[in-house]
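Now for the letters of each chain:
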Amino acid sequence: MLSRIDHIGIACHDLDATVEFYRSTYGFEVHHREVNEEQGVREAMLRVNGTDDGGATWLQLLQPLREDSPVGKWLARHGEGVHHIAFGTDDVDAEADAVRGRGVRVLYDAPRRGSMGSRITFLHPQDCHGVLTEIVTAAAPDAARGHSAH
Ligand code: V0V
Ligand code: CO
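In this text the structure is predicted, and so the values were computed from the model without any measurement.

A. Representation of the coordination of the cobalt ion (ligand 2) in the model. All of the protein donors around the cobalt ion (ligand 2) are His7 (NE2), Gln60 (OE1), His84 (NE2) and Glu134 (OE); their distances to the metal are 2.1 to 2.2 Å. Around the cobalt ion (ligand 2) sit six donor atoms; with metal-centred angles ranging over 79 to 175°, the donor geometry is octahedral. One chain supplies every donor for the cobalt ion (ligand 2), spaced along it as H-x52-Q-x23-H-x49-E. You can see Gln60 sitting in strand β4 (residues 57-64) and its partner His84 sitting in strand β5 (residues 81-89), a full 24 residues away along the chain. For the pair Gln60 and His84, one class covers both residues: buried.

B. Examining unusual backbone geometry more closely. With phi around 60°, Met116 is a residue other than glycine that occupies positive phi space. Mapped onto the elements of the fold, Met116 is located in the loop between β6 (112-113) and β7 (119-123). With a phi close to 55°, His129 is a non-glycine residue in the positive phi region. Taking the relative accessible area as the measure of exposure, His129 reaches 82% and is therefore exposed.

C. Region of interest: the nonpolar core. Of all hydrophobic cores here, the largest spans nine residues; its members are Ile10, Cys12, Leu15, Val19, Tyr22, Ala44, Leu46, Leu59 and Leu61. Going through the elements one at a time, α1 (15-26), β3 (41-49) and β4 are the ones with two or more residues in this core. Here this core takes three residues from α1, the largest share from any one element. What Leu59 contacts, discounting residues up to four positions off in sequence, is Ile8, Ile10, Tyr22, Phe28, Ala44, Met45, Leu46 and Val48. Residues Ala96, Val99, Val106 and Cys128 belong to the second largest nonpolar core, which totals eight residues.

D. The arrangement of helix α2 (residues 70-78) in detail. Buried within α2 we find Val71, Gly72 and Leu75. Take α2 and look down its axis: the buried residues cluster within an arc of 105°, on one side only. Every exposed residue of α2 that faces more than 90 degrees away from the buried side is listed here: Pro70, Lys73 and Arg77. Buried residues along α2 sit against β1 (2-11), β3, β4 and β5. Gly79 lies just past α2 and shows a positive phi near 80°.

E. Layout of the side chain of Glu43. Here Glu43 lies in strand β3. Among the polar contacts listed, one links the side chain of Glu43 to the side chain of Ser115, at a separation of 2.6 Å. Ignoring sequence-local partners within four residues, the contact set of Glu43 consists of Leu15, His32, Arg33, Glu34, Gln60, Leu61, Leu62 and Ser115.

F. Quick peek at the site of ligand 1. Taken together, 23 residues lie near ligand 1, and Gln39, Lys73, Arg77, Ser115 and Glu134 sit nearest. Interatomic distance of 2.9 Å between a side-chain N/O atom of Gln60 and an oxygen atom of ligand 1. Take His83: an N or O atom from its main chain is 2.9 Å from a nitrogen atom of ligand 1. Look at ligand 1: alone it shows 1,000 Å² of surface, and the protein chains cover 75% of it. For the shell around ligand 1, the secondary-structure elements that each account for two or more residues are α2, β5 and β7.

G. Broad picture of the pattern of salt bridges. One pass over the full model with this rule turns up 10 salt bridges. Between Arg33 and Asp16 there is a salt bridge; the shortest N-O distance is 3.2 Å. Taken together, the residues span a long stretch of sequence, with Arg33 in strand β2 (residues 30-36) and Asp16 in helix α1 at a distance of 17 residues. Residue Arg23 pairs with Glu20 through a salt bridge whose shortest N-O separation is 2.8 Å. Of this pair, Arg23 and Glu20 both sit in helix α1, three residues apart, which is roughly one turn of that helix. Judged by relative accessible area, which is 37%, Arg23 ranks as partly exposed.

The rules behind these values
- Residues numbered from 1 in each chain as written.
- Chains lettered and ligands numbered in written order.
- Predicted model: local features only at pLDDT ≥ 70, side-chain atom pairs only at ≥ 80, totals over all residues.
- Heavy atoms only, no water.
- Donors = N, O, S within 2.8 Å, 3.2 Å for Na, K, Ca; no water.
- Tetrahedral: all angles 85-135°; square planar, octahedral: opposite > 155°, others 65-115°.
- Helix = DSSP H or I, 4+ residues; strand = E, 2+ residues; numbered from the N terminus.
- Buried < 20%, exposed > 50% of the residue type's maximum accessible area, 1.4 Å probe, protein only.
- Core = buried A, V, L, I, M, F, W, Y, C linked by side-chain atoms within 4.5 Å.
- Contact = heavy atoms within 4.5 Å.
- Arc of directions from axis to C-beta.
- Polar contact = N/O pair within 3.5 Å; in protein donor to acceptor, adjacent residues only side chain to side chain.
- Near = heavy atom within 4 Å.
- Areas by Shrake-Rupley, 256 points an atom, 1.4 Å probe, with all protein chains shown as cover.
- Salt bridge = Lys/Arg side-chain N within 4 Å of Asp/Glu carboxyl O.

In structure tokens, the structure reads:
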């Protein structure tokens, strides 16, 4: 089951400047920073809210490492803005299989490494009415990803 919105991915040219906008305008603080070479991004995770029953919701700010990466290509074509939406689930493997079975292209044969040790896969935007859609399972139900410890 897809049980929540895990994050909204936002493409930007300058990660530090965009982080500062979200801090000074809304008060959102950076919870985590990471470089994901495979995905071609430098990213910052800003926690919007956390719950005790399945994890938090984040803004994922994304600066491309390379022009020919997914985010780099997107920025060149569309400029800054919303790049993808990510739904959270306890079982990314099962959800990917289920969606694939409904005729939607899943981009990876097996989930890959995402932010904060999560496992992620993507659905092709052309099969999702123009929305690049990610499915994500958090690393573990612990504080690192906004779960309650009790
Ligand atoms: C491309 N398209 C999009 C899109 N990117 N549509 C909606 N939202 C996007 N973000 C459309 C584009 O308009 C074209 O449609 C078509 O897809 C092909 O675009 P393209 O520029 O030729 O790009 P491709 O085919 O080289 O790559 C598109 C895909 C690529 C979706 C295959 O972006 C990809 O592999 N994305 C998944 C990985 C990713 O995005 N990683 C960065 C986030 P028309 O105009 O021809 O109809 S990493 C992340 O989220 C992490 C680490 C995490 O959450 O933990
Ligand atoms: Co993402």
